[in-house]
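In case you want the letters, here they are:
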Amino acid sequence: HSAVDVIRAKRDGQVLGDAQIDWVIDAYTRGQVADEQMAALAMAVLLRGMTPAETARWTAAMVASGETLVLDGVRRPTVDKHSTGGVGDKITLPLTPLVAACGAAVPQLSGRGLGHTGGTLDKLESIPGWRARLSPDEIRDRLDDVGAVVCAATEGLAPADRKLYALRDVTGTVESIPLIASSIMSKKIAEGVQSLVLDVKCGSGAFMKDLGQARELATALVEIGMANGLSTSALITDMSVPLGRAVGNALEVAEAVEVLQGGGPPDVVELTLALAREMLEHAGLSDVDPAEVLADGRAYDSWCRMIRAQDGDPEAALPRAEHVEVVTAPETGTLARLDAYGVGIAAWRLGAGRARKEDDVQHAAGVLCLAKPGDRVTTGQPLLELHTDRPETVTGAREALVGAYEISGADEVSTPLILDRVV
Ligand code: URA
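Residues numbered from 1 in each chain as written. Predicted model: local features only at pLDDT ≥ 70, side-chain atom pairs only at ≥ 80, totals over all residues.

In the annotation of an unreviewed UniProt entry, the entry for the chain reads Thymidine phosphorylase, and the organism field reads Saccharopolyspora shandongensis. Check the Sequence similarities (unreviewed entry) section of the UniProt entry for the chain; it says "Belongs to the thymidine/pyrimidine-nucleoside phosphorylase family." (UniProt positions renumbered as here; feature names shortened; annotations may be inferred.)

Visitor: What is the right way to look at the packing of helix α4 (residues 52-64) against helix α9 (residues 177-190) in this model?
Guide: Their axes nearest at 8 Å, the elements α4 and α9 cross at an angle of 45 degrees. Comparing the axis directions of α4 and α9 gives the class oblique. As α4 packs across α9, the resulting crossing turns out to be right-handed. Here Thr55, Trp58, Thr59, Met62 and Val63 of α4 come into contact with α9, specifically with Pro178, Ala181, Ser182, Met185, Ser186, Ile189 and Ala190. Looking at the contact of α4 with α9 residue by residue, the classes come out as eight nonpolar, four polar and no charged. (Axes fitted to C-alpha atoms, helices over the stretch in contact; angles between N-to-C directions. Helix = DSSP H or I, 4+ residues; strand = E, 2+ residues; numbered from the N terminus. Parallel < 35°, antiparallel > 145°, perpendicular 65-115°, else oblique. Left-handed = near helix turned anticlockwise from the far one by under 90°. Contact = placed C-beta atoms within 7 Å. Nonpolar A, V, L, I, M, F, W, Y, C, P; charged D, E, K, R; others polar.)

Visitor: It is not clear to me how the sheet that holds strand β13 (residues 418-422) should be interpreted in this structure. Could you clarify?
Guide: Note: strands within a sheet are paired through backbone hydrogen bonds, in either parallel or antiparallel orientation. If you walk across this open sheet you meet the four strands as β1-β4-β5-β13, and the pairing is mixed. Either end of the sheet is taken by a strand with one partner, and the two such strands are β1 (79-83) and β13. Strand-to-strand, the axes of this sheet are offset by a mean angle of 20 degrees, without reference to chain direction. As paired elements, strand β5 (residues 231-238) and β13 share four bridges and run antiparallel to each other. Each residue of the ladder has a partner; that of Ala234, found in β13, is Val422. (Pairing = 2+ DSSP bridges.)

Visitor: Looking at this structure, I do not really get the nonpolar core. What am I missing?
Guide: One broad trend across soluble globular proteins is that nonpolar side chains are buried collectively. Within the largest apolar cluster, 134 residues are counted, with the highest numbers of intra-cluster contacts made by Val99, Ala104, Ala218, Leu221, Ala346 and Val367. Ranked by the residues each element gives to this core, the list is headed by helix α15 (residues 340-352), at nine residues. Contact partners of Ala346, with chain neighbours within four places excluded, come to Val367, Leu386, Ala397, Ala400 and Leu401. (Core = buried A, V, L, I, M, F, W, Y, C linked by C-beta atoms within 7 Å. Buried ≥ 20, exposed ≤ 12 C-beta atoms within 10 Å, placed from the backbone.)

Visitor: Help me out: how do you make sense of the pairing of β1 in this one?
Guide: Regular strands have side chains that alternate between both faces of the sheet. Among the five residues in β1, five count as buried, and that is most of the element. Both faces of β1 are covered, namely the face carrying Val79, Lys81 and Ser83 and the face carrying Asp80 and His82.

Visitor: Hey, could you run me through the site of the ligand in this one?
Guide: By nearness alone, every residue bordering the ligand is listed as Tyr165, Val174, Leu179, Ile180, Ser183 and Ile184. Per-element tally for the shell around the ligand: the top contributor is α9, with four residues. Looking at the shell around the ligand residue by residue, the classes come out as five nonpolar, one polar and no charged. (Near = placed C-beta within 6 Å.)

Visitor: Please explain the domain arrangement of the chain as it appears in this structure.
Guide: How big an interface is tends to be reported as the loss of accessible area on association of its parts. Segmenting the chain into domains produces domain 1 (3-64), domain 2 (79-155 + 167-308) and domain 3 (323-408). Computed over C-alpha atoms only, the centres of domain 1 and domain 2 are separated by 29 Å. Across the contact, 17 residues belong to domain 1 and 18 residues belong to domain 2. Counting residues per element, the ones that place at least two in the side of domain 1 that touches domain 2 are α3 (35-48) and α4. The element that contributes the greatest number of residues to the side of domain 1 that touches domain 2 is α4, accounting for eight residues. The residue makeup of the side of domain 1 that touches domain 2, split by class, is 13 nonpolar, three polar and one charged. (Domains from an automatic or database assignment.)

What follows is the structure, given as structure tokens:
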């Protein structure tokens with residue numbers, strides 16, 4: 001094989017063979033195909049596309065580039081959820097212990113946030129003592145016992161993706177559906193779960209801005225899962241408005257705990273239950289009603305056990321910001337729009353996110369949305385709370401919110417949260 005032949009074949013619109021794909025991914029992982037060659041191939045894939053069969057094989061080759069987690073010893077059905085990322089998306093926090101309390105094992109290998117979308121590990125690290133790093137044996141023990149683990153993905157899973165993603169980031173080749181889908185699925189397949197539910201976000205705060213693109217990504221993800229022996233389905237859900245009221249690490253943990261204690265914003269509860277039902281169906285546990293398990297406190301008990309099993313104190317006070325300012329309603333009417341992207345950028349500027357991988361996040365920073373679309377507001381009423389330890393960031397956050405909300409005279413119809421289901 002030669003890298004140039006593979007690049008030429010894709011450049012000219014040919015379908016790559018299994019042997020070509022296996023070879024190029026393996027040789028790239030081992031450093032025998034150079035970054036500039038892989039960059040050219042990624043660009044050819046972006047421009048020419050890949051068939052579902054090529055994409056499934058590309059994913060399998062990335063899984064084979066590293067270790068997979070072996071979950072055979074776990075005495076519960078294994079199921080995972082992956083969200084393509086959004087603003088205020090803390091659903092993993094209530095969902096993982098809820099589905100575990102229903103009888104499944106949920107290994108949620110997560111990442112940190114980059115840009116305006118948050119990372120689950122950053123959120124949980126606002127809990128005093130909690131640690132993200134677990135060994136494969138610790139993961140298996142906790143899955144068997146508590147049924148719920150949220151931890152950092154180990155370095156050894158899908159190393160080809162780690163390398164390729166960094167390369168795509170600097171070569172304008174992120175926005176290819178086959179490359180995005182294979183990247184996401186290689187990490188999930190390497191986790192060793194039996195089934196997977198995808199939450200494909202759609203709207204201003206998401207990667208996919210419209211429903212057509214979101215359907216295309218969801219279909220590609222489900223096809224890859226099925227082709228690789230994973231029972232897979234996807235929900236497409238709205239990300240034009242922040243999810244819930246809290247955006248920012250400790251603020252989101254507090255909101256997740258409210259949900260686990262039977263309260264919380266209705267959209268967070270709705271999506272948590274919808275994803276739980278989807279996961280329980282895959283796990284063969286569809287006779288369990290997650291609403292009951294949430295209401296009677298079993299999900300909250302499961303959360304406390306999950307946090308303690310990773311040395312966190314679920315009862316400890318969460319960090320609070322030193323500085324809080326409000327944005328008030330400029331007029332009376334109905335809040336017609338609250339833009340997820342604008343709120344996400346504001347939270348990020350306040351310190352909830354990082355600009356470079358090496359940066360630290362401020363655990364207490366973020367935005368609390370005191371009103372959501374459809375709510376009546378009056379002039380001067382607080383709409384948003386800006387939380388930060390660095391008051392000098394507030395001006396930038398306020399700028400990000402200019403034009404991010406709209407108050408109208410009419411009663412607006414809100415968009416549904418769950419837009420489609422792909423199986
Ligand atoms: N998330 C991933 O893991 N990979 C991509 O390519 C894009 C988003």
